[in-house]
Amino acid sequence: LMNEDIRIHSWPCSYYLDTGKQWVSGRLSLTPVAIKFTADKTGELLVDFHLSGISEIKKESSNLIFSSLTILEKNTKHWFSSLQPNRNVVFNILEHFWREQLLSSQGAGAEAAALQTTKGKELTGLMTGSQKRLEDTAKVLHYQGEQFDNIMKGLNKIEGDMDVADRLLTELESPSWWPFSSMFWKGPLEVKPKETATVSNSKNQEGILSRIPVIITHRTDSNVKPGKFTLFASGLEISDCNSQLIHRFESKDVDDIRVHTPYEISVRQRFIGRPDTSYRLLSAKMPEVIPILEMQFSKKIQFLEDALGFGGARKSPQVDLGTSIWQAATGLLGGVVQPGSPVGSTEGMDKDQVQLQKHEKVSQEEAKELKQILKKLKGLALETEAELERQDEALDSITTSVDRTTLNIHKQNRRIKKLT
């Protein structure tokens, strides 16, 4: 589970302390579930409340208080002023996390609901997350498979063209008395097809792996704006609230992705002689996206100090991809025993299905749902394994074809030099 005490952001500001009728300097901090204010002089925590308790966040001003931010929490209005870098930045980020907290299952009343969560619901949530990540993996592999197929088509066409060139070179090398030699001087350029290997327009056809609301910062600008972050198998897109494209990174153009915290990343493309293209993205939903980014950009993603714990947690069976997910799924679900089934009966059960027979609070409906998810996970795991094997064979074929084509090109170059 994500550490709820992690600090997402903090800003220097002043807080109006109603009991003392004075402004106190300090820092306003945001965690995944709460807002806090700590006084600079005393270090005292003057404000600490859950995001779900907020009913309104507004930008306000009066005759005495200018450029202030107010937060209405359980009929208490909290005033913050002198916000740095500016009020709009703080407002946009706080409003984003507040809205996402209300929309999520951890919104109002989540703490009470969590106490009543049964073991079956926990397992269902875990397995559903694992299923989603396997589905994302399958989408990426499917797209990769299409690219391999296109490469193979292109290589097959090149080999066909090489055969034509080889035949024409043979004609050109024929003795001078060969009656048709003059005809083939005009032949090569006309006979050789000029088409290049066609690649399907996957941008319009490929599915969306994930789309989340984000707060966007471009380069080192102090201003931020809300928008959307979309992940495709072939790249990343950043758009504004009206779905107007701000920037698209093709996968090959991404030079590095830095994970600053589990909620904030930066994506960069480097250039020589001009500024890099860099965007910093903050989102309450970012923990859902980082595992997909880690899968797509494993050699380009970097977990910075504040995110190292999150990177380590990714290696746990709960959120890892591939075999560990499968082992976690079978291990957890194998022990679910439906009410009414003979206790201690293990006949017909897989050897992975014995671990959690002592788990309590798993209803018949939950057990049935868990078994259905396990069945889907089995199918996805088998499909993923088969696709990986197919792509491995395709890579071998591509390597062999490239080597063969390269050898043919060298041979034909030598023959052309002799002719000239």
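Residues numbered from 1 in each chain as written. Predicted model: local features only at pLDDT ≥ 70, side-chain atom pairs only at ≥ 80, totals over all residues. Heavy atoms only, no water.

Draft legend 1. Highlighting the overall build of the protein. Of the regular secondary structure elements, the protein holds 9 helices and 15 strands. Taking the intrachain contacts of the protein between residues at least 6 apart in sequence as the baseline, contacts between residues at least 24 apart amount to 54%. Here the protein has roughly 24600 Å² of accessible surface; of this, 52% comes from carbon and sulfur atoms. (Helix = DSSP H or I, 4+ residues; strand = E, 2+ residues; numbered from the N terminus. Contact = heavy atoms within 4.5 Å. Areas by Shrake-Rupley, 256 points an atom, 1.4 Å probe, with all protein chains shown as cover.)

Draft legend 2. Just the pattern of salt bridges, in detail. Within the structure shown, the criterion is met by 9 salt bridges. A salt bridge links Glu-60 to Lys-77, with the shortest nitrogen-to-oxygen separation between them at 3.0 Å. Of the two residues, Glu-60 sits in strand 5 (residues 54-60) while Lys-77 sits in strand 7 (residues 76-81), which places them 17 residues apart along the sequence. Residue classification places Glu-60 among the buried residues on the basis of a relative accessible area of 17%. Of the residues examined, Lys-77 reaches a relative accessible area of 37% and is grouped as partly exposed. (Salt bridge = Lys/Arg side-chain N within 4 Å of Asp/Glu carboxyl O. Buried < 20%, exposed > 50% of the residue type's maximum accessible area, 1.4 Å probe, protein only.)

Draft legend 3. Molecular detail of the pairing of strand 2 (residues 22-30). Where strand 1 (residues 9-17) and strand 2 come together, 9 bridges link them in antiparallel fashion. Looking at strand 2, one finds that Leu-17 is bridged to Gln-22. Here strand 1 hands over to strand 2 after 4 residues, with Lys-21 in that stretch at a positive phi of 50°. As defined by bridge partners, strand 2 adjoins strand 3 (residues 34-39) across 5 bridges and the pair is classed as antiparallel. (Pairing = 2+ DSSP bridges.)

Draft legend 4. Representation of the sheet that holds strand 7. With antiparallel pairing, 7 strands are arranged side by side in an open sheet as 4-3-2-1-7-6-5. Of all strands in the sheet, those with a lone pairing partner are strand 4 (45-50) and strand 5, marking the two edges. Taken over all neighbouring pairs, the strand axes of this sheet differ in orientation by 30° on average, direction set aside. Here helix 1 (residues 87-103) sits on the sheet and contacts strand 1, strand 2, strand 3, strand 4, strand 5 and strand 6 (68-73); the angle it forms with strand 5, its principal contact strand, is near 165°. (Axes fitted to C-alpha atoms, helices over the stretch in contact; angles between N-to-C directions.)

Draft legend 5. Unusual backbone geometry, seen in detail. At the junction of Gln-84 and Pro-85, the peptide bond is cis and its omega measures out at 10° in the coordinates. In this structure, Pro-85 sits in the loop between strand 7 and helix 1. The backbone of Asn-75 shows a phi angle near 70°, a positive value even though the residue is not glycine. Mapped onto the elements, Asn-75 comes out in the loop between strand 6 and strand 7.

Draft legend 6. Main features of the pairing of strand 4. Relative to strand 4, strand 3 is paired through 5 bridges, and the arrangement is antiparallel. Following the sheet pairing, Ile-35 is matched in strand 4 by Phe-49. Here strand 3 folds back onto strand 4, and the loop between the two strands holds 5 residues, one of which, Gly-43, carries a positive phi near 75°.

Draft legend 7. Quick peek at the confidence of the model for the protein. For the protein, per-residue confidence averages 75 on the pLDDT scale, and 69% of positions sit at 70 or higher. Within the model, pLDDT remains below 50 along residues 181-205, and this stretch shows 23 contacts once partners closer than five positions in the same chain are excluded. Here residues 312-329 scores under 50 on pLDDT; set against residues more than four positions off or in separate chains, the count is 31 contacts. (pLDDT = per-residue confidence, 0-100.)

Draft legend 8. Representation of the packing of aromatic side chains within the structure. For the structure shown, the criterion picks out 6 aromatic pairs. For the ring pair Tyr-15 and Phe-80, a centre distance of 5.1 Å and an interplane angle of 40° mean the geometry is tilted. Residue Tyr-15 is located in strand 1, and its partner Phe-80 is located in strand 7; the two are separated by 65 residues in the primary sequence. Like Phe-80, Tyr-15 is buried. One aromatic cluster in this structure is built from Tyr-15, Phe-37 and Phe-80. Note that Lys-59 overlies the ring of Phe-91, its terminal NZ or CZ placed 4.8 Å from the centroid. Geometry around Phe-271 places Arg-274 over its ring, the cationic atom sitting 3.7 Å from the centre. (Phe/Tyr/Trp six-rings, centres within 6.5 Å; stacked < 30°, edge-to-face > 60°. Lys NZ or Arg CZ within 6 Å of the ring centre and 35° of its normal.)

Draft legend 9. Region of interest: the nonpolar core. Counting residues in each nonpolar core, the largest one holds 31 residues, and the members touching the most others are Leu-28, Leu-30, Ile-35, Phe-80 and Leu-94. Secondary-structure elements contributing two or more residues to this core are strand 1, strand 2, strand 3, strand 4, strand 5, strand 6 and helix 1. No other element matches the 7 residues that helix 1 contributes to this core. There are two domains that each give this core at least three residues, and those are domain 1 (9-105) and domain 2 (208-303). Sequence-distant contacts of Leu-30, that is, excluding residues within four places in its chain, are made with Ile-6, Arg-7, Ile-8, His-9, Trp-11, Ile-35, Leu-51, Ile-93, Leu-94 and Phe-97. With 25 residues, the next largest nonpolar core counts Val-140, Phe-229, Tyr-279 and Met-286 among its residues. (Core = buried A, V, L, I, M, F, W, Y, C linked by side-chain atoms within 4.5 Å. Domains from an automatic or database assignment.)

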